[in-house]
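Each chain is listed here by its residues.
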Amino acid sequence: MKEFVISEAKAETAILVGLITPQQDEAKTNEYLDELDFLADTAGAVTVKRYTQRVNGPNQVTYVGKGKLEEIKTYIENEADEDREVGMVIFDDELSAKQLRNIENALKVKILDRTSLILDIFAMRAQTANAKTQVELAQYRYMLPRLQRLWTHLERQRGGAGAGGGKGSVGLRGPGETQLEMDRRIILQRITLLKQRLADIEKQKNTQRKNRGRLIRVALVGYTNVGKSTIMNILAKSDVFAENKLFATLDTTVRKVVIENLPFLLADTVGFIRKLPTDLVDSFKSTLDEVREADLLVHVIDISHPDFEEQVKVVKNTLKDLDCAEKPTIMVFNKIDNYHWVDKEPDDLTPETKENVTLDELKKTWMARHDEDCIFVSAKLKENLDELRGTLYRKVRELHVQKYPYNDFLYPVDD
């Protein structure tokens with residue numbers, strides 16, 4: 001009797017491409033490609049190769065130079081000959097319609113850029129009607145300037161200046177142009193509809209916020225995958241989805257938290273990321289309104305990440321764009337259990353690097369001189385969470401007394 005072997009579906013394979021420029025050195029490019037690799041993994045793709053090129057800036061026609069593009073093409077063809085088909089090539093920057101079209105014509109595989117990959121993950125993560133609407137709006141905004149690329153397979157006749165039955169007469173336009181105009185009109189109409197739908201959702205959310213009573217609002221903010229949802233679950237005793245993937249949380253979740261005698265509202269928000277397109281920020285305005293409405297921000301940072309200081313800058317710049325940079329903030333450095341450092345040999349006279357700094361030494365650097373409260377925790381191992389609760393209680397109580405001086409539930413607590 002013949003046995004049937006059920007094989008697992010193969011994950012799509014991907015090549016990553018980035019540029020080394022005067023504004024972005026090799027170390028920074030490799031770090032960005034590591035993040036792009038993580039994004040690809042979150043979307044379900046496996047990275048098999050990376051390419052970088054040292055240039056002054058992106059090529060306006062093919063992003064990379066012709067020689068590098070030919071090198072990538074040769075690799076894809078060789079892999080196909082060995083029955084190891086490459087499914088896609090992902091570029092670390094946003095590509096124009098011209099670049100997309102030219103690269104696709106050259107490589108003959110699926111081409112994605114950082115923005116389209118993030119949009120794909122957002123579409124996969126969206127659960128509620130609000131998130132799905134915001135993702136769809138962002139996708140249409142991304143697609144609109146790139147419509148022409150989708151119709152290059154249709155023949156388009158060139159119109160002339162002649163009149164009557166001559167070249168360029170009415171009725172002789174190619175189907176591509178007609179379809180292109182039709183698609184653009186449909187997408188613009190859809191964008192208008194989605195904006196209206198989001199406006200209606202925003203009205204509902206404003207009503208919900210008004211009904212939340214006299215409670216201080218606290219928002220968890222930070223780079224993606226720093227542990228915000230895990231901290232939310234511990235503080236609120238909730239079950240918000242948490243996973244070691246980028247953008248595990250897409251919808252804003254609000255829970256009531258009580259520390260000692262003090263209740264307040266805690267919101268878990270979508271994580272930020274480098275090179276996040278403006279269209280995405282605009283599309284997720286209603287989600288980020290929880291940050292705007294918050295009285296206190298809890299900025300969660302993955303201290304085990306080799307470039308966490310850059311991530312802090314990204315978050316602060318995004319908060320600045322949202323006009324939230326001046327809000328009271330608690331800095332929570334998470335994942336201290338995963339922090340690693342290398343002790344230098346006594347005879348090693350080379351300059352000390354970030355990899356040689358212990359956690360105790362790190363706490364005494366710029367963090368000790370920071371204006372905001374700084375707390376070091378491990379949400380995974382539940383270390384120093386009492387200190388976090390104590391700081392939250394003190395800050396929320398201060399804000400509550402200022403905002404609601406005539407409350408009817410806040411009673412004194414013996415220090």
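Since the structure is predicted, the reported quantities are computational estimates derived from the model, not experimental observations.

Rules behind the numbers
- Residues numbered from 1 in each chain as written.
- Predicted model: local features only at pLDDT ≥ 70, side-chain atom pairs only at ≥ 80, totals over all residues.
- Heavy atoms only, no water.
- Helix = DSSP H or I, 4+ residues; strand = E, 2+ residues; numbered from the N terminus.
- Buried < 20%, exposed > 50% of the residue type's maximum accessible area, 1.4 Å probe, protein only.
- Contact = heavy atoms within 4.5 Å.
- Areas by Shrake-Rupley, 256 points an atom, 1.4 Å probe, with all protein chains shown as cover.
- Pairing = 2+ DSSP bridges.
- Axes fitted to C-alpha atoms, helices over the stretch in contact; angles between N-to-C directions.
- Phe/Tyr/Trp six-rings, centres within 6.5 Å; stacked < 30°, edge-to-face > 60°.
- 1 Å grid on protein atoms, 1.4 Å probe; cavity = no way out; pocket = protein on both sides within 12 Å on 5 of 7 lines; lining within 4 Å.
- Points joined across faces, edges and corners; volume = space filled by probe spheres on them.
- Expected span 1.5 Å × (residues − 1).
- pLDDT = per-residue confidence, 0-100.
- Salt bridge = Lys/Arg side-chain N within 4 Å of Asp/Glu carboxyl O.

1. Details of the overall build of the protein chain
For the protein chain, the helix and strand inventory stands at 13 helices and 10 strands. Within the protein chain, the fraction of its 415 residues that count as buried is 47%. In the protein chain, the share of contacts with a sequence separation of at least 24, taken over all contacts with a separation of at least 6, comes to 70%. Here the protein chain displays about 22,700 Å² of accessible surface, and carbon together with sulfur accounts for 49% of that area.

2. Brief notes about the sheet that holds strand β1 (residues 12-20)
Judged by pairing direction, the sheet is parallel, and its four strands sit side by side in the order β2-β1-β3-β4 without closing on themselves. Because the sheet does not close on itself, it has two edges, and the strands there are β2 (45-54) and β4 (110-113). Going from strand to strand, the sheet's axes swing by 25° on average, the running direction of each strand aside. Two strands pair when backbone bridges link them, and strand β3 (residues 88-91) and β4 are joined in this way by four bridges, in the parallel orientation. Following the sheet pairing, M88 is matched in β4 by K110. Contacts from helix α3 (residues 97-107) reach β3 and β4 within the one sheet, and its direction differs from that of β4 by about 145°.

3. Remarks on unusual backbone geometry
Of note, the phi angle at N225 is positive, near 65°, even though the residue is not glycine. In this structure, N384 takes a positive phi of about 65° despite not being glycine. Mapped onto the secondary structure, N384 falls in the loop between β10 (373-376) and α13 (385-403).

4. Here's the deal with the packing of aromatic side chains
Enumeration according to the criterion identifies four aromatic pairs in this entry. Ring plane angle 75° and centroid distance 6.2 Å describe the contact between Y51 and Y75, whose orientation is recorded as edge-to-face. Of the two residues, Y51 sits in strand β2 while Y75 sits in helix α2 (residues 66-81), which places them 24 residues apart along the sequence. A relative accessible area of 17% means that Y75 is categorised as buried. Centroid distance Y63 to F91: 5.3 Å. Interplanar angle 85°. Geometry classified as edge-to-face. With a gap of 28 residues between them, Y63 in the loop between β2 and α2 and F91 in strand β3 connect regions that are remote in the sequence. As far as burial versus exposure is concerned, Y63 and F91 are alike and both buried.

5. With respect to the sheet that holds strand β8 (residues 296-302)
Ordered by their spatial adjacency, six strands build an open sheet running β6-β7-β5-β8-β9-β10, and the pairing between neighbours is mixed. Edge positions in the sheet fall to β6 (253-259) and β10, since each of these pairs with one other strand and no more. Within the sheet, the average angular offset between the axes of one strand and its neighbour, ignoring direction, is 25°. Sheet topology note: the strand β9 (residues 329-334)/β10 ladder contains four bridges and is parallel.

6. Notes on the layout of surface pockets
Taken as a whole, the second largest pocket spans an internal volume of roughly 430 Å³. Surrounding the second largest pocket, 22 residues form its lining, L112, S116, L117, D120 and Y142 being those nearest its centre. Those elements that place two or more of their residues in the lining of the second largest pocket are α1 (26-43), β4, α4 (114-125), α5 (129-143) and α6 (147-150). Broken down by element, the residue count for the lining of the second largest pocket peaks at five residues, all from α4.

7. Thoughts on helix α8 (residues 228-236)
Every α-helical turn comprises 3.6 residues, leaving residues that sit three or four positions apart pointing alike. With eight of nine residues buried, α8 lies mostly within the body of the structure. Each element contacted by the buried residues of α8 is listed here: β5 (217-222), β6, β7 (262-268), β8, β9 and α13. Of the residues trailing α8, K237 is marked for its positive phi of about 50°.

8. Digging into α4
Under the 1.5 Å per step criterion, the end-to-end length of α4 is 17 Å for 12 residues, consistent within 8% with the ideal 16 Å. Burial of α4 is extensive: nine of the 12 residues sit out of reach of the surface. Among all positions of α4, only R114, T115, S116, L117, I118, L119, I121, F122 and R125 are buried.

9. Quick notes on empty space enclosed by the protein
Taken as a whole, this structure holds two cavities of 30 Å³ or more when the rule is applied. The volume enclosed by the second largest cavity comes to roughly 40 Å³. As for the second largest cavity, its lining consists of 10 residues, and the residues nearest its centre are R217, V218, L265, A267 and E290. Those elements that provide at least two residues to the lining of the second largest cavity are β5 and β7.

10. Remarks on the confidence of the model for the protein chain
Summary statistics for the protein chain give a mean pLDDT of 80 and a share of 75% for residues scoring 70 or more. Confidence drops under pLDDT 50 across residues 1-9; counting only partners more than four residues distant or on other chains, this segment forms zero contacts. Considering only residues more than four positions removed or in separate chains, one finds that residues 151-169, a stretch of pLDDT under 50, has 25 contacts.

11. A short note on the pattern of salt bridges
Considering all chains together, one arrives at 22 salt bridges under this definition. Residue K110 is joined to E12 by a salt bridge in which the shortest nitrogen-to-oxygen separation is 3.1 Å. Separated by 98 residues along the polypeptide, K110 in strand β4 and E12 in strand β1 bring together distant segments of the chain. For K110, a relative accessible area of 38% translates into the label partly exposed. Look at E12 and you get partly exposed, because its relative accessible area is 39%. Here D307 and K28 are joined by a salt bridge, their closest N and O atoms 3.3 Å apart. With D307 in the loop between β8 and α11 (308-321) and K28 in helix α1, this pair connects stretches of sequence that are 279 residues apart. When its relative accessible area of 8% is taken as the criterion, D307 is described as buried.

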